[in-house]
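The residues making up each chain are set out below.
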Amino acid sequence: MSNNRRFPAEWEQQEGVLLCFPHNGKDWPGKYEAIQWAFVEFIKKVSSVEQVFLVVADEKLMAKVTEMLTMAIIDLNHVSFIIHKTNRSWMRDSGPIVIKNGNDREALNFNFNGWAKYKNFKLDKHVPSKVSEVLDVPLTQVEYKGKPVILEGGAIDTNGKGTLLTSEECLMDPEIQVRNPGFTKADYEAIFKEYLGITNTIWLGCGIEGDDTHGHIDDLCRFVNKDTIITVVEKDTSDSNYKPLQDNLDRLKKSVLEDGKSPIIVELPMPKKLEFDGLRIPASYANFLILNKCVLVPTFNDPNDRIALNIIADCFPEREIIGMSAIDLIWGFGTLHCLSQQIPA
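Residues numbered from 1 in each chain as written. Predicted model: local features only at pLDDT ≥ 70, side-chain atom pairs only at ≥ 80, totals over all residues. Heavy atoms only, no water.

Student: Tell me about the environment of leucine 123, residues and numbers included.
Tutor: Among the structural elements, leucine 123 can be located in the loop between strand 6 (104–109) and helix 4 (127–135). On a C-alpha basis, the gap between leucine 123 and valine 17 in space is 20 Å, while along the polypeptide they are 106 residues apart. Not counting the four nearest positions on each side in its chain, leucine 123 is found in contact with His84, Lys85, Thr86 and Asn87. (Helix = DSSP H or I, 4+ residues; strand = E, 2+ residues; numbered from the N terminus. Contact = heavy atoms within 4.5 Å.)

Student: Tell me what's going on with helix 6 (residues 185–196), and back it up with residues and numbers.
Tutor: Taking 1.5 Å of rise per residue, twelve residues should cover 16 Å, and helix 6 covers 15 Å from first to last C-alpha, within 8% of that figure. The complete set of buried residues in helix 6 reads Asp187, Tyr188, Ile191, Phe192, Tyr195 and Leu196. All buried residues of helix 6 lie within an arc of 135 degrees about the axis, which places them on one face of the element. Summarising the geometry of helix 6, the exposed residues directed more than 90 degrees from the buried face are Ala186 and Lys193. (Expected span 1.5 Å × (residues − 1). Buried < 20%, exposed > 50% of the residue type's maximum accessible area, 1.4 Å probe, protein only. Arc of directions from axis to C-beta.)

Student: So what's going on with the environment of phenylalanine 81? Which residues, and what values?
Tutor: Along the chain, phenylalanine 81 falls in strand 4 (residues 79–83). A residue is classified by how much of its surface remains accessible, and phenylalanine 81, at 23% relative accessible area, is partly exposed. Phenylalanine 81 has contacts with Leu54, Val56, Met62, Val65, Thr66 and Leu69, leaving out every residue within four places of it along the chain.

Student: Now, about the sheet that holds strand 14 (residues 228–233): what can you tell me, with residues and values included?
Tutor: Ordered in space as 13-14-15, the three strands form an open sheet in which the pairing is mixed. Two strands bound the open sheet, and with one partner strand each, they are strand 13 (221–225) and strand 15 (264–269). Within this sheet the neighbouring strands show an average axis-to-axis angle of 30 degrees, counted without direction. Strand direction decides the pairing type here: strand 14 and strand 15, joined by six bridges, are parallel. Along strand 15, the bridge assignment pairs isoleucine 229 with isoleucine 265. Together, strand 13, strand 14 and strand 15 form the strand contacts of helix 7 (residues 242–254), whose direction differs from that of strand 14 by roughly 160 degrees. (Pairing = 2+ DSSP bridges. Axes fitted to C-alpha atoms, helices over the stretch in contact; angles between N-to-C directions.)

Have a look at this one:
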C-alpha cells in the first residue's frame, strides 16, 4: 500500500465507534453492576447517531447484553457485535487506529502491551486484527527500524491537518512505563510522519496525577477544530496538578501549528480532587468523545461540571453537548474517550 497516510481528526465523519462491553470486574472494584448499566447508557448515546461496533467476550455475554440493550430501548440495528475475548475494555488503547490512506482506510496495530505496566494484555493484543477483519480494512503492523512500535490511542490527538499532540511523560520517561526503550523525540516524530502523516508535533510535559497510563494526552488537552486546542488547568495552587498543567499551558502558548500559526488556546477547569481507597483518581473533562452530531462529556457531580459543559459547547457550536455521569466509570481510571475508538467513515 503506497503511503498517502493521514490521521483524521475526531470531528470528521465517522462510520462508527468501537466499544467493548466490560466483563473484567476487577477494573471497577465493587462497581461492576453499576458499570454495566452506565455502559448501556453510553451505547445508547453513541448508537443514536452512528454505528456501535461492540466487542463482547462470548455468546453468553452477547445474549445478556442484547437483553440489556433491548430493555434500554436501543435499536439493535445500530449495534454490530464482535465476539472476541479481551483482558480489559479500553478500546482507545488496545483497538486499532483507523486512518485514511489516499481514498482508502487502513487500520494500524500499535502493539498494545498493557501500558508497559500490566502483565495481562495477551488477549487485548489481538483486538486490532479482529476488528480490521470485521471492518474489512487492511491491517498494518507498526514497526520502526525493524522493531514493533508501542503506542496507545490515548497518547495522541490530531487536528487532521498534520499536527499532533502528545506528552513527554508518556513517551519519553526513561524509567517508568517505558513503551519503546531508547526512542528519541526524533524517532517518534519519524513514526508519526510515516504512519500518521504528521508533519508537526507539539510536546506537552506531564499528565495529571493518578493517571494509570502515565501521561495520556486525552486527559490533558485536545484539538476541538483545526486551529483550537482545549487544555485543562487547575486553579488551586496547592493541588499537585497545578504546576504541571501550568507548564503545559505555557508550552501550548509557545507552540505553532503545521502552518506556522499559533493555535487558539481554550482553558478548561478540572473537577475537584477525587479519591478512592487512598488513591487519586484521574478525573478530567478533557476525556470527552466527539461523535457525528454531538459531544459526550464526562461529568463528576462537581460544581465545575456546568462550567466545563458550557466551555465545550462554545467550542462545538454545530454539535449537541451531552454531559454523562462518569462517577462510576472513573473508578476504572478512565472515562468516555479511553473506552472508545472512532472509526472514520
